[in-house]
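Residue strings, one per chain:
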Amino acid sequence: MRALVLLLALSCPALAEVPTVQTDIPPVAALVAQVMGDLGAPGVLLDKGGDEHDMQLRPSQMRALNAAQLLVWVGPDLTPGLDTARQSAPDLQSLALFDDPATLRLPYADGAPNPHAWLDPTNASLWLGLIAQRLSALDPANAATYAANTATAQAQIAAMDGDLARQLTPLTQTFVTYHDAYGYFTTHYHLHSAGGLAAGDAAAPGAARLSDLRAQAEQGQIACAFPEAQHDPALITNLAAGTNLFIGAPLDPVGSTLDPSPQAYATLMTNLTQSLLTCANKP
Ligand SMILES: [Zn+2]
């Protein structure tokens, strides 16, 4: 019997093949890379400095998507452009993490679903397990490796989460960000956000939103304002002009400035923490 199993395994090398995986954004790529470990690395489709809400695939990226077996992504709420692209790759499997019923989902101020859900480490930890489950279904021969890598990555996220919570304790000031992406982070770490200048999809803000925030800043209800790596800082600069608002370093909630690596998720969360903390330590 053993010999027969061995013979079958040898004659069906496809059974033991590690899946080719594409991802939408660097933090999701990092979670997949942690689960895959030494077995492989996923591709990432968001361009350096790109806006996740306006993702358009080039022909070379479209070919990479067509060549992949599995797309691991947040889902259509974050990247509608990728949703259109993936539907023209009929053999591609999809794991839309935000759409899993176990994912913690928060709304934007207007009630629509906020897909920036990786900014809560509880979701990142859950998603590691979902990724391992799907990879193991496609590649059962490596299931034990995926499970072991996942346990290690989940322990690292738990340790990081505790560190960040301690570091963020002094941040009691209210701050405004460029776009309304941070609800998961501010809820999880009990921070005080006045929301985003721009809406959750990063569309330019209307005059009413600008004057409302400006009034809050003039009354001293908001201490700090943070621009973002992918967006022109002029709107934040204009908001702060003539007020005491402290302008912090640009935030990068989607990791679009990071090099792909298994550590990119922890780097994103740590960078975000360090940048926001400048509001607590401002002059
Ligand atoms: Zn966003």
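Cut-off values and rules
Residues numbered from 1 in each chain as written. Predicted model: local features only at pLDDT ≥ 70, side-chain atom pairs only at ≥ 80, totals over all residues. Heavy atoms only, no water. Domains from an automatic or database assignment. Contact = heavy atoms within 4.5 Å. Buried area = accessible area lost by both parts, 1.4 Å probe. Salt bridge = Lys/Arg side-chain N within 4 Å of Asp/Glu carboxyl O. Helix = DSSP H or I, 4+ residues; strand = E, 2+ residues; numbered from the N terminus. Buried < 20%, exposed > 50% of the residue type's maximum accessible area, 1.4 Å probe, protein only. Expected span 1.5 Å × (residues − 1). Pairing = 2+ DSSP bridges. Axes fitted to C-alpha atoms, helices over the stretch in contact; angles between N-to-C directions.

A.B. asks: Quick question: what am I supposed to make of the domain arrangement of the chain here?
C.D. replies: As far as domains go, the chain holds domain 1 (18-165) and domain 2 (170-280). Facing the 37 residues of domain 1 at the interface are 33 residues of domain 2. For the pair domain 1 and domain 2, the two sides together bury roughly 2700 Å², of which 65% comes from carbon and sulfur. It is Lys48, Leu119 and Leu164 in domain 1 that bury the most area against domain 2; as a group they hold 24% of the surface buried on that side. The tally of links from domain 1 across to domain 2 stands at one salt bridge.

A.B. asks: It is not clear to me how unusual backbone geometry should be interpreted in this structure. Could you clarify?
C.D. replies: It is generally the case that most residues other than glycine have a negative phi and that most peptide bonds are trans. Look at His190: it is not a glycine, yet its phi comes out positive at around 55°. Inspection of the secondary structure assignment puts His190 in the loop between helix H7 (183-188) and strand S8 (192-198). Positive phi is not limited to glycine here, since Ala202 has a value of about 70°.

A.B. asks: Just to check I follow, could you spell out the pattern of salt bridges for this structure?
C.D. replies: Pairing is possible between side chains that carry opposite charge, provided their charged atoms lie close to one another. Taken as a whole, this structure holds seven salt bridges when the rule is applied. Here Arg105 makes a salt bridge to Asp99, at a shortest N to O gap of 3.7 Å. Asp99 sits in the partly exposed class, given a relative accessible area of 41%.

A.B. asks: Explanation requested: helix H5 (residues 121-138) in the structure shown.
C.D. replies: In an α-helix there are 3.6 residues to a turn, and that puts residues three or four apart on one side. The terminal C-alpha atoms of H5, which comprises 18 residues, lie 26 Å apart, in line with the 26 Å expected from a rise of 1.5 Å per residue. The set of residues buried in H5 consists of Pro121, Asn123, Ala124, Ser125, Trp127, Leu128, Leu130, Ile131, Ala132, Leu135 and Ser136.

A.B. asks: Any chance you could explain the sheet that holds strand S4 (residues 93-96) here in plain terms?
C.D. replies: Strand pairing within a sheet occurs via backbone hydrogen bonds; the two strands may be parallel or antiparallel. Pairing is parallel across the open sheet formed by four strands, whose spatial order is S2-S1-S3-S4. Two strands in the sheet have a free side with no partner beyond their single neighbour: strand S2 (43-44) and S4. Together, strand S1 (21-23), S2 and strand S3 (70-73) form the strand contacts of helix H2 (residues 26-36), whose direction differs from that of S1 by roughly 150°.

A.B. asks: Mind showing me how you'd approach the sheet that holds strand S10 (residues 246-247) here?
C.D. replies: Spatial strand order, S8-S7-S9-S10: four strands in an open sheet with parallel pairing. In this open sheet, the two edge strands, each paired with only one partner strand, are S8 and S10. Looking at chain direction, strand S9 (residues 224-226) and S10 are connected through two bridges and run parallel. Paired with Cys224 across the strands is Phe246, a residue of S10. Against the sheet, helix H10 (residues 264-280) touches strand S7 (174-179), S9 and S10, its axis set at about 155° to S9.

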